[in-house]
Amino acid sequence: PLLEYMDCLIADGTVRYSTQDVAAARLALLRPTHMVDYAMDIYKTVHPNEEVPAEMQAQKASVLERMQELENGCKALHELCSNEEEKAKLQASGKWNVDGLVQTEGLNVTKEMVEMYRELAKFKFECGDYKASRDMLASYISLYAKPPASQTGNAEDEELLAYSGNKKDEKKEDIGNPAIYYLKYVNSGMLQVLWGKLACDILVEDWTAASVAVDAVKTSIENMVSSNKMTPLKALSQRTWLLHWSLFVYWNNSSKGGLESLVELFHTERYKQAITTNAPHLLRYLTAAVLLCKRRITKKAASGSSSEARRLMKSLINVMQDCDYTDPIVEFVNCLCVKFDFDSAQTKLQECEKVLNSDFFLCRQTKLFMEEARVFVFENYCRIHNKIDLSALGTKLGMNKDEAERWIVDLIRNADLDAKIDSEEGCVVMGGSVQSIYEQVMERTRDLNVRSATLVQNLNNVLNEARKEKAKKERAAREEE
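Residues numbered from 1 in each chain as written. Predicted model: local features only at pLDDT ≥ 70, side-chain atom pairs only at ≥ 80, totals over all residues. Heavy atoms only, no water.

**Some thoughts on the overall build of the protein chain**
Counting its secondary structure elements, the protein chain contains 24 helices and three strands. A total of 481 residues make up the protein chain; the buried ones form 39% of that total. Taking as baseline every contact in the protein chain between residues at least 6 positions apart, the subset at least 24 positions apart corresponds to 61%. For the protein chain, the exposed surface amounts to about 28300 Å²; the carbon and sulfur share of it is 50%. (Helix = DSSP H or I, 4+ residues; strand = E, 2+ residues; numbered from the N terminus. Buried < 20%, exposed > 50% of the residue type's maximum accessible area, 1.4 Å probe, protein only. Contact = heavy atoms within 4.5 Å. Areas by Shrake-Rupley, 256 points an atom, 1.4 Å probe, with all protein chains shown as cover.)

Have a look at this one:
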């Protein structure tokens, strides 16, 4: 998709790359995969006067042979997973798991076959059959899952038993983690399967399923770290990859809460560390997402409170200060919120439009971003002015006086702005917006538990180091004696 987008930019004249160079890059990307037919077509585009190499023909034959071998090796399980009726019966009887299938006579399923089924799913993915691969990976995951048992029995009978006091004591049901498809545990092999499921959901553009897959991978990484199955360095790498993959999911699902989910993920402490350490360029997408969803968050908050939006901006500025990265979008926020330089902000806003139009993830948000950016300029300008000249305001917003007046009228009409227009003087008079005591208390104490826990942890670390140092000195003293 990224290279196809690059072709569109070249056709529009937005970038000056050569189509031949892009085709060569696409060919280099395809060569390690099993999409041989597609690679052959691209080869003919890059080398129109040459025959397709014999090695590509041999690779095609090898791929077909291996595909047939894998399909024959797990044929019984493949047919079983495709038979929804039989599958439902096994699930109802509690036998839809690896041990249950292996022990059931007549199914002819072995543990080696289950692993070959997973290998076939990966092979189909490398061949470009993403939908089939996704369905197979979902079936494979379900074989290791422990979902809650389906509710059986009459609800009225259950209610009568409860009133009569004869209801049997309920035992806690042994189920897996619902955040990771009800899996009870995740090892490195299953984590790879979850990554594959996420990749398939992205490539078939099922953004709802992809959002669930992102959460599953995220939870799995943290579970493996907490159980010492993954080193901190490996976890940092995994989190960095998840941040990049999540861009496809959340920006394509922006109208259904995707941006809010992106901001939440990027502001999580461990993922914030991944941004500042490994991927400072992702600051562009965090900044754009905060600007685009800031007003939506304010509207959702109780009584239209803007404290949550202010908290987001503070967190964003903290990340900006920790990142050694800059571009027009980041600089625009920096000029407004840190330097309060409105002239530079206006210059950067014009540069933002070019950046947005050429960015794969942001290009469809250009118009909305420019509108939200103007509102953001206006909000910050209003914080330090009680009365604003319309002509001066129009200059700051890149509009003439009449356009600025119409724009502000629309804001006031939509109840987004506490202001009124004085037509005689040609200015905007701002209303008072004082933060309530409740909002101040909530904002100041929001992260109190986290800060307290951090202080306790730091204190414990200091005490442990002191104890170790003391023990070391005592040991050294004893050795000298």
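Here the narrative resumes, following the displayed structure.
**Points about the pattern of salt bridges**
On inspection of all chains with the given rule, the structure shows 19 salt bridges. Of the charged contacts in the structure, one is a salt bridge between glutamate 119 and arginine 66, with a shortest N-O distance of 2.5 Å. In this pair, glutamate 119 sits in helix 8 (residues 111–126) while arginine 66 sits in helix 4 (residues 54–73), placing the two residues 53 residues apart along the sequence. Owing to a relative accessible area of 27%, arginine 66 belongs among the partly exposed residues under this scheme. Residues aspartate 327 and arginine 284 are paired through a salt bridge, measuring 2.6 Å at the closest nitrogen-oxygen approach. Taken together, the positions of aspartate 327 in the loop between helix 17 (307–322) and helix 18 (328–339) and arginine 284 in helix 16 (residues 283–300) put the pair 43 residues apart, joining distant regions of the chain. (Salt bridge = Lys/Arg side-chain N within 4 Å of Asp/Glu carboxyl O.)

**With respect to the nonpolar core**
Core analysis: the largest hydrophobic core is formed by 125 residues, its most contacted members being Leu101, Leu198, Ile221, Trp251, Phe266, Phe332 and Phe369. For this core, the element with the highest residue contribution is helix 16, accounting for 10 residues. Contacts of leucine 101, omitting those with residues within four sequence positions, involve Leu77, Leu80, Leu90, Lys95, Trp96, Leu107, Val109 and Leu143. Membership of the second largest hydrophobic core comes to five residues, among which are Tyr5, Leu9, Val15 and Val22. (Core = buried A, V, L, I, M, F, W, Y, C linked by side-chain atoms within 4.5 Å.)

**Focus on the packing of aromatic side chains**
Under the criterion given, the structure shown has eight aromatic pairs. Ring centres 5.0 Å apart and planes at 80° place the aromatic pair phenylalanine 248 and phenylalanine 361 in the edge-to-face group. Here phenylalanine 248 is found in helix 13 (residues 232–252), whereas its partner phenylalanine 361 is found in the loop between helix 19 (342–357) and helix 20 (366–383), with 113 residues between them in sequence. (Phe/Tyr/Trp six-rings, centres within 6.5 Å; stacked < 30°, edge-to-face > 60°.)

**Topic: the packing of helix 8 against helix 9 (residues 130–144)**
Two numbers describe how helix 8 lies on helix 9: the axes approach to 8 Å, and their chain directions differ by 155°. When the axes of helix 8 and helix 9 are compared, the pair comes out roughly antiparallel. When the axes of helix 8 and helix 9 are compared, the crossing they make is left-handed. On helix 9, the residues touching Val114, Glu115, Tyr117, Arg118, Leu120, Ala121, Lys124 and Phe125 of helix 8 are Tyr130, Ala132, Ser133, Met136, Leu137, Ser139, Tyr140, Leu143 and Tyr144. A per-class count over the contact of helix 8 with helix 9 returns 12 nonpolar, two polar and three charged. (Axes fitted to C-alpha atoms, helices over the stretch in contact; angles between N-to-C directions. Parallel < 35°, antiparallel > 145°, perpendicular 65-115°, else oblique. Left-handed = near helix turned anticlockwise from the far one by under 90°. Nonpolar A, V, L, I, M, F, W, Y, C, P; charged D, E, K, R; others polar.)

**Quick word on the side chain of arginine 239**
Mapped onto the elements, arginine 239 comes out in helix 13. Excluding residues within four positions of it along the chain, arginine 239 makes contact with Ile221, Glu222, Val225, Arg270, Tyr271 and Ala274.

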